[in-house]
Amino acid sequence: VDDVSELCNDMAIISGGKVVQRGNPEELVNGLENKIWSKRVKKDEVAKYQAEYKMVIAKLSGGSMMVYINSDTDPGNGFRSERATLEDIYFSNII
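All values derive from a computational prediction rather than experimental measurement.

Draft legend 1. Broad picture of the sheet that holds strand β6 (residues 80-82). Strand order across the open sheet formed by 4 strands is β4-β5-β3-β6, with antiparallel pairing between neighbours. The sheet terminates laterally at β4 (55-61) and β6, the two strands that pair on one side only. Each neighbouring strand pair of the sheet contributes to a mean axis angle of 30°, computed without reference to strand direction. In this structure, β4 lies alongside strand β5 (residues 64-70), joined through 6 bridges in antiparallel fashion. Bridging from a neighbouring strand, Ile57 pairs with Tyr68 of β5. Contacting β3 (36-41), β4 and β5, helix α4 (residues 86-94) runs over the sheet at an angle of about 125° to β4.

Take a look at the structure:
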């Protein structure tokens, strides 16, 4: 994914056979600035957070899960702001 931002001036995300987002990688990442939030949760809580928030991805980390959500406002509830990445752009478009 990092190669895209270094090598490409334009990119597209395709989901279901359709282009769902296209643009300059840096500009797309900047468009998610202050919109990606993370929180460490128990594995059995992931479904609850997925139902409550627009979850981007959940990753196993040190025996618990890190959930990443896309929210225009601070969701509170122990979430912390994260720097957006191209991975966030991709997963935000295919969910």
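Read on for the rest.
Draft legend 2. Quick look at the environment of Glu6. As for its position among the elements, Glu6 is in helix α1 (residues 2-7). Through-space distance from the C-alpha of Glu6 to that of Asp88 is 17 Å; in sequence the pair is 82 residues apart.

Draft legend 3. Highlighting the side chain of Asp88. Within the secondary structure layout, Asp88 lies in helix α4. Setting aside residues up to four positions removed in sequence, Asp88 forms contacts with Leu32, Ile36, Val56 and Arg83.

Draft legend 4. Here's a closer look at the packing of aromatic side chains. Scanning the model with the defined rule gives 4 aromatic pairs in all. Aromatic side chains Tyr53 and Phe79 sit 5.0 Å apart centroid to centroid with 65° between the ring planes, which places their arrangement in the edge-to-face category. Linking Tyr53 in the loop between α3 (46-52) and β4 with Phe79 in the loop between β5 and β6, this pair joins segments that are 26 residues apart in sequence. Each member of the pair, Tyr53 as well as Phe79, is classed as buried. For the ring pair Tyr90 and Phe91, a centre distance of 5.1 Å and an interplane angle of 75° mean the geometry is edge-to-face.

Draft legend 5. The pattern of salt bridges, seen in detail. What the rule picks out here adds up to 4 salt bridges. Note that Lys59 and Glu87 form a salt bridge whose closest N and O atoms lie 3.0 Å from each other. Of this pair, Lys59 sits in strand β4 while Glu87 sits in helix α4, and the two are 28 residues apart along the sequence. On the accessibility criterion, Lys59 (32% relative accessible area) is partly exposed. The shortest N-O distance in the salt bridge between Glu82 and Arg80 comes to 2.9 Å.

Draft legend 6. Quick peek at unusual backbone geometry. One non-glycine residue, Asn34, lies in positive phi territory at about 65°. Within the secondary structure, Asn34 is located in the loop between α2 (25-30) and β3. Despite not being glycine, Asn77 has its phi angle at roughly 55°, a positive value. Along the polypeptide, Asn77 turns up in the loop between β5 and β6. For Asn77, a relative accessible area of 42% puts it in the partly exposed group.

What counts and what doesn't
Residues numbered from 1 in each chain as written. Predicted model: local features only at pLDDT ≥ 70, side-chain atom pairs only at ≥ 80, totals over all residues. Heavy atoms only, no water. Pairing = 2+ DSSP bridges. Helix = DSSP H or I, 4+ residues; strand = E, 2+ residues; numbered from the N terminus. Axes fitted to C-alpha atoms, helices over the stretch in contact; angles between N-to-C directions. Contact = heavy atoms within 4.5 Å. Phe/Tyr/Trp six-rings, centres within 6.5 Å; stacked < 30°, edge-to-face > 60°. Buried < 20%, exposed > 50% of the residue type's maximum accessible area, 1.4 Å probe, protein only. Salt bridge = Lys/Arg side-chain N within 4 Å of Asp/Glu carboxyl O.

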